[in-house]
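Examination of the molecular architecture
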Amino acid sequence: MKMIMAKAQEAIDAYLLVRSLQKRFVDKLDELSAKLGKNKKFKEVIWLRENGTCGGGSRFEARDEVLFNTASVNVSQVHYDEIPNKNLQSATAISTIIHPKNPNVPSIHIHISLTALRDGNSYWRVMADLNPSIKNDEDKKIFDDCLEEISKENYEEGKKQGEKYFFIPSLNRHRGVSHFYLENYKTKDKQRDSSFALEFGKAVIDTYIDIIANAFKTRQTFSVQDIKKQLDYHTLYLFQVLTLDRGTTSGLLIHNQNDIGIMGSLPKFINKKLLESWIIKMQTPQDELLKNIINNIDNNGVINTQTKEKLAQIVRNHYKCYPDALKYQASGTVIPNTVNNHIK
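For the structure given in this document, a descriptive report is provided here.

Counting 50 residues, the largest nonpolar core has Phe25, Leu29, Ile98, Ile112, Trp124, Phe200 and Val204 as the members making the most contacts within it. Taken together, the elements giving at least two residues each to this core come down to helix 1 (9-36), strand 3 (68-79), strand 4 (88-100), strand 5 (107-117), strand 6 (122-131), helix 2 (137-151), strand 9 (178-185) and helix 4 (190-218). Broken down by element, this core gets its largest block of residues, 13 residues, from helix 4. Those residues in contact with phenylalanine 200, other than ones at most four positions away along the chain, are Ile112, Val126, Met127, Ala128, Leu147, Ile150 and Phe180. Formed by 38 residues, the second largest nonpolar core is a distinct cluster that contains Leu244, Leu275, Ile294 and Ile303.

The structure is reproduced here in structure tokens:
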């Protein structure tokens, strides 16, 4: 069934914006595959919400296993045009994670979304963070400089919220080295806000492509120790996503029609023994969540499609059983009302 897009002009414009960013990113990643990899383009996968009547989404998944461990560039739009009693009119987003195969090439996460409420109010969520398995000071500086230049007067607030959001209290460390997050971002000028979201996305995408293109060319050799560092970092990434990431949890609680897409941020392999060692660092009932996650990952640490489906259900069931545990989820200075927007 065909996906029915939202009717309101603001939602239509937001959808065109995130689709343009998706195309920009995928085209540039495909170019890298043609020049440096196996020349295998990203493959599009479509999913539907309520058979398409409430929207859905499109994700492009990497097929070039020479360049990418896993990579997904997702666009979605969920709307309730036909359900007038909902507070939420529409939610439109691009959310992407790229995990290169080479441990010397950093991962990236980008999320840009517009939430439009039925009362006419709307706001943006703007996020970007650089996630290297092996730190490189030059990459960090380039990325930091990009964030500061494109966000201007929003930089300090975005950095502050980002460093709060991506901090992992139980391990006393951050996920990643450069973080930016604006929650509930809006001014009195909606067109200016939209332009900022677009230009931010373009700048971060282009900067990341420059960083990894250089890294793929100049850091071609790596050791067994480097691969081990990447495996451990990917374990940390999965840990943060499944036990702390509010966006991931909200998506899973709202519906179960895009679980594989939502789990697209997970790397292909993790260090299960390392993950097990963190159980004692967890508060109750989050230790139970981590135990259930570990019990559903094979001893070889492979995260395949079937594992992703099981992990999605584990996270969903945990917060349905322990709704108060949502207080342990990551946040910036503002906690979004994402789940309630879709329910009420």
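Considering all chains together, one arrives at 18 salt bridges under this definition. Lysine 190 is the salt-bridge partner of glutamate 10, the closest N and O atoms lying 3.6 Å from each other. Note that glutamate 10 is positioned in helix 1 and lysine 190 in helix 4, a separation of 180 residues in sequence. Using a relative accessible area of 41% as the deciding quantity, one classes lysine 190 as partly exposed. With a shortest N-O distance of 2.7 Å, aspartate 145 and lysine 141 are connected by a salt bridge.

Moving on, we come to the layout of surface pockets. Empty pockets left among the atoms are what a rolling probe the size of a water molecule brings to light. Of the volumes computed, that of the largest pocket is approximately 430 Å³. Taken together, 19 residues form the lining of the largest pocket, with Glu65, Val66, Lys101, Asn102 and Phe222 sitting closest to its centre. Looking at the lining of the largest pocket residue by residue, the class counts come to 10 nonpolar, five polar and four charged. Taken as a whole, the second largest pocket holds about 340 Å³ of empty space. Along its surface, the second largest pocket is lined by 18 residues, and Glu61, Ala62, Thr70, Lys268 and Lys308 are the ones closest to its centre. Among the elements of the structure, strand 3 and helix 10 (305-321) are those that each provide at least two residues to the lining of the second largest pocket. A total of five residues in the lining of the second largest pocket trace back to one element, the largest contributor, which is strand 3.

Parameters at a glance
- Residues numbered from 1 in each chain as written.
- Predicted model: local features only at pLDDT ≥ 70, side-chain atom pairs only at ≥ 80, totals over all residues.
- Heavy atoms only, no water.
- Core = buried A, V, L, I, M, F, W, Y, C linked by side-chain atoms within 4.5 Å.
- Buried < 20%, exposed > 50% of the residue type's maximum accessible area, 1.4 Å probe, protein only.
- Helix = DSSP H or I, 4+ residues; strand = E, 2+ residues; numbered from the N terminus.
- Contact = heavy atoms within 4.5 Å.
- Salt bridge = Lys/Arg side-chain N within 4 Å of Asp/Glu carboxyl O.
- 1 Å grid on protein atoms, 1.4 Å probe; cavity = no way out; pocket = protein on both sides within 12 Å on 5 of 7 lines; lining within 4 Å.
- Points joined across faces, edges and corners; volume = space filled by probe spheres on them.
- Nonpolar A, V, L, I, M, F, W, Y, C, P; charged D, E, K, R; others polar.

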